[in-house]
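# Topology and contacts: notes
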Amino acid sequence: MSKLFNIFLILTLTACSWLGTNQVGDIPEEVRINAIKVGKHNKEDVVRLLGSATSITLFEKESWLYIESKEQNRVFLPAKEIERKVVQITFNSDNIVEKVKTLSLDDGQKIALDKTITPVSGKDLSVFDELIGNFGRFPANKRTER
């Protein structure tokens, strides 16, 4: 029993070293990001230099986001984000670059989600109501004679 426990312990501890990291997303090289000039380049120029954006926001002004994240895998817990880089390019109403900003994991903010439920119209049916409610809705199978 002791040998079995020791083998289990060794395998569990060495499994941590096999986990590694995952990279999610990909942002362009720093040289290409620095090539974008505020007030000079438009959306077409940005696509040509950086490719299409990971995400587009439309809150106040249109911003394109290029996102890269690295996660550390853990044995019995969900992966933990250890690094994040976001390049935000904001455009003015003429589709000209207004701002280029680089953000990291430290710039992230915790957002409290609202757990309330939006009511929907309709009836709440029990399983019994659903079963009984189907009687008479379907045509009876009639045998046709040839």
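Keep in mind it's a predicted model, so treat the numbers as computed, not measured.

What counts, and where the lines are drawn
- Residues numbered from 1 in each chain as written.
- Predicted model: local features only at pLDDT ≥ 70, side-chain atom pairs only at ≥ 80, totals over all residues.
- Heavy atoms only, no water.
- Helix = DSSP H or I, 4+ residues; strand = E, 2+ residues; numbered from the N terminus.
- Areas by Shrake-Rupley, 256 points an atom, 1.4 Å probe, with all protein chains shown as cover.
- Salt bridge = Lys/Arg side-chain N within 4 Å of Asp/Glu carboxyl O.
- Buried < 20%, exposed > 50% of the residue type's maximum accessible area, 1.4 Å probe, protein only.
- Polar contact = N/O pair within 3.5 Å; in protein donor to acceptor, adjacent residues only side chain to side chain.
- Contact = heavy atoms within 4.5 Å.
- Pairing = 2+ DSSP bridges.
- Core = buried A, V, L, I, M, F, W, Y, C linked by side-chain atoms within 4.5 Å.

The next subject is the overall build of the protein chain. In terms of helices and strands, the protein chain carries four helices and five strands. When its helices and strands are written in sequence order, the protein chain yields α-β-α-α-β-β-β-β-α. Here the protein chain has roughly 12,500 Å² of accessible surface; of this, 56% comes from carbon and sulfur atoms.

This part covers the pattern of salt bridges. For the coordinates displayed, the defined rule picks out six salt bridges. Between Lys85 and Glu30 there is a salt bridge; the shortest N-O distance is 2.8 Å. A residue pair is termed long-range when its members are at least 10 positions apart, and Lys85 in strand E4 (residues 80-91) and Glu30 in helix H2 (residues 30-34) qualify at 55 residues. Residue Lys85 is classed as partly exposed on the basis of its relative accessible area of 25%. Judged by its relative accessible area of 37%, Glu30 falls in the partly exposed class. For Lys61, the salt bridge is made with Glu98, and the minimal N-O distance between the two is 2.9 Å. On the criterion of sequence distance, the pair formed by Lys61 in the loop between strand E2 (55-57) and strand E3 (63-72) and Glu98 in strand E5 (residues 97-104) is long-range, its members being 37 residues apart.

Residue placement: Ser69 occurs in strand E3. Reaching out from Ser69, the side chain makes a polar contact with the side chain of Glu81 at a distance of 2.6 Å. Those residues in contact with Ser69 that sit more than four places away from it in its chain are Asn22, Gln23, Val24, Glu81, Glu83 and Arg84.

A few words now on unusual backbone geometry. Its identity is not glycine, yet Asn95 carries a phi of approximately 65°, on the positive side. Tracing the sequence through the fold places Asn95 in the loop between E4 and E5.

On to the pairing of E5. Note: E4 against E5, seven bridges, orientation antiparallel. Among the inter-strand pairings, Ile89 is bridged to a residue of E5, identified as Val100. Here E4 folds back onto E5 in antiparallel fashion, the turn holding five residues, of which Asn95 has a positive phi close to 65°.

Attention shifts here to the nonpolar core. Core analysis: the largest hydrophobic core is formed by eleven residues, namely Ile27, Ile33, Ile36, Val46, Leu50, Trp64, Tyr66, Val87, Ile89, Phe91 and Val97. Listed by contribution, the elements that provide at least two residues to this core are helix H3 (43-50), E3 and E4. Top element by residues in this core is E4. It accounts for three residues. Excluding residues that lie within four positions of it along the chain, Ile36 makes contacts with His41, Val46, Leu49, Leu50, Ile89, Val97 and Val100.

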